[in-house]
Amino acid sequence: MATSSATIERDQSRRAAFVTGGSRGIGRAIAEGLAEDGFDVAIAYAGNAAAADETVAALEAAGATARAYQCDVSDSAQVDAVSKQVLSDFGSVWAVVNDAGITRDGLLMRMKDEDFDRVIDVNLRGAFHVTRAFSRSLMRQKGGRIVNMASIVGLSGNAGQANYAASKAGLVGLTKSCARELAPRGITVNAVAPGFVETDMTAKLSDAIREQYAKQIPLGRMASAQEVAAVVRFLVSDAAGYVTGEVIRVDGGMAM
Ligand code: NAP
């Protein structure tokens, strides 16, 4: 498991997790949940350094060793450099959570190439870059966890989100392929598919649209980030050692 070569002074009996998008929203709730579960946590963020610093302070207050890394996951060179740095700083990483994601919504006929490409590049290629970058060390340690943040729209589609839904459907295929490829090394790969979650991403929706969505949710409300994080915490735990290639909806029953 952990080696003693970490450049950060930390208790090597604690496992470490790398959470992309860990500075805000669902990713922050995952990072905080994993810290509660005894993980040290490295988070990656795109550019909001203030949010990342705030999250690191919260993780440290919870007793974890934590560090934030600025990294655009769509850029494989940045991902490779940051993954090397994280492994060097923490000594080893047990769990990788691909949470970073963006939306650039628009109706199909008006969707620009760059809006389609950017969403695929961040949401899908980003997860591929990060998974590839950490796979060698996970394989070498013959165990670990990868969790990808999909979405129910990747399963059901959504008008106005052709780019986003395609990226999340792609993540499901990536998850299942990596699950098959990494299973012989004891590494599980799963996806979580949230419905509507209270974060900055959904705060930009109008009240009318929020109400309209709430009507489609059997449980009648949006999820908290912590309710999504709870499932990621389970998938990362030892208790989930026989679960791989799975997509777990956390959507209040919306897509059943
Ligand atoms: P959010 O509040 O907007 O936070 C997005 C996070 O991703 C931030 O930490 C952001 O960093 C980071 N990020 C964005 N682009 C990045 C890039 N190119 N490289 C690295 N990091 C990047 O989003 P959220 O609502 O928590 O969503 C998190 C994940 O859940 C996403 O994959 C999203 O698609 C998925 N999801 C969300 C919902 C929902 O209802 N909210 C539903 C289903 C699925 P900065 O802070 O630096 O910007």
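Quick caveat: nothing in here was measured; it's all calculated off a predicted structure.

Caption draft 1: Representation of empty space enclosed by the protein within the structure. For the structure shown, the criterion picks out two cavities of 30 Å³ or more. Roughly 50 Å³ of volume is contained in the largest cavity. In terms of lining residues, the largest cavity is bounded by Thr-20, Val-73, Asn-98, Asp-99, Ala-100, Val-122, Asn-123, Gly-126, Ala-127, Met-149 and Leu-171. Per-element accounting of the lining of the largest cavity gives the leading share, four residues, to helix H4 (residues 113-140). Split into classes, the residues belonging to the lining of the largest cavity amount to six nonpolar, four polar and one charged.

Caption draft 2: Expanded view of the environment of Val-147. Among the secondary structure elements, Val-147 is positioned in strand S5 (residues 144-149). Along the backbone, Val-147 and Leu-235 are 88 residues apart, and their C-alpha atoms lie at a distance of 7.3 Å. Val-147 has contacts with Val-96, Val-97, Asn-98, Asn-190, Val-192, Val-232, Leu-235 and Val-236, leaving out every residue within four places of it along the chain.

Caption draft 3: Highlighting the packing of aromatic side chains. Under the definition given, this model contains two aromatic pairs. With 4.9 Å between their ring centres and 35° between their planes, Phe-18 and Phe-134 make a pair best called tilted. Highlighted residues: Phe-18 in strand S1 (residues 16-20) and Phe-134 in helix H4, separated in sequence by 116 residues. The burial state of Phe-18 is the same as that of Phe-134; both residues are buried. Relative to Tyr-213, the ring of Phe-196 has its centre 3.9 Å away and its plane inclined at 25°; by these criteria the two rings are stacked. With a gap of 17 residues between them, Phe-196 in the loop between strand S6 (187-194) and helix H7 (200-203) and Tyr-213 in helix H8 (residues 207-215) connect regions that are remote in the sequence. Look at Phe-196 and you get buried, because its relative accessible area is 14%. If you follow Arg-15 out to its NZ or CZ, it ends over the ring of Trp-94, 3.8 Å from the centre.

Caption draft 4: Inspection of the sheet that holds S5 at higher detail. Strands sit in the order S3-S2-S1-S4-S5-S6-S7 across an open sheet of seven strands; the sheet is parallel. The outermost strands of the open sheet, each flanked by one partner alone, are strand S3 (66-70) and strand S7 (247-250). Strand-to-strand twist in this sheet, taken as the mean axis angle between neighbours without regard to direction, amounts to 15°. Packing against the sheet, helix H6 (residues 162-182) makes contact with S5, S6 and S7, and its axis sits at approximately 160° to S6.

Caption draft 5: A look at the site of the ligand. Every one of the 31 residues lining the ligand counts as a neighbour, but Ser-23, Gly-47, Asp-99, Tyr-164 and Thr-199 are closest to it. Expressed as a share of its isolated accessible area of 900 Å², the protein-covered part of the ligand is 94%. In this structure the site holding the ligand corresponds to the largest pocket. Sorting the residues of the shell around the ligand by element identifies helix H1 (25-36), H4, H6 and H7 as the ones contributing at least two each. For the shell around the ligand, the element with the most residues is H7, which contributes three residues. Here the residues of the shell around the ligand are counted per class, giving 15 nonpolar, ten polar and six charged.

Criteria and cut-off values
- Residues numbered from 1 in each chain as written.
- Predicted model: local features only at pLDDT ≥ 70, side-chain atom pairs only at ≥ 80, totals over all residues.
- Heavy atoms only, no water.
- 1 Å grid on protein atoms, 1.4 Å probe; cavity = no way out; pocket = protein on both sides within 12 Å on 5 of 7 lines; lining within 4 Å.
- Points joined across faces, edges and corners; volume = space filled by probe spheres on them.
- Helix = DSSP H or I, 4+ residues; strand = E, 2+ residues; numbered from the N terminus.
- Nonpolar A, V, L, I, M, F, W, Y, C, P; charged D, E, K, R; others polar.
- Contact = heavy atoms within 4.5 Å.
- Phe/Tyr/Trp six-rings, centres within 6.5 Å; stacked < 30°, edge-to-face > 60°.
- Buried < 20%, exposed > 50% of the residue type's maximum accessible area, 1.4 Å probe, protein only.
- Lys NZ or Arg CZ within 6 Å of the ring centre and 35° of its normal.
- Pairing = 2+ DSSP bridges.
- Axes fitted to C-alpha atoms, helices over the stretch in contact; angles between N-to-C directions.
- Near = heavy atom within 4 Å.
- Areas by Shrake-Rupley, 256 points an atom, 1.4 Å probe, with all protein chains shown as cover.
- Sits in = over half its atoms within 2 Å of the grid points.

Just distances and angles here, no functional claims.
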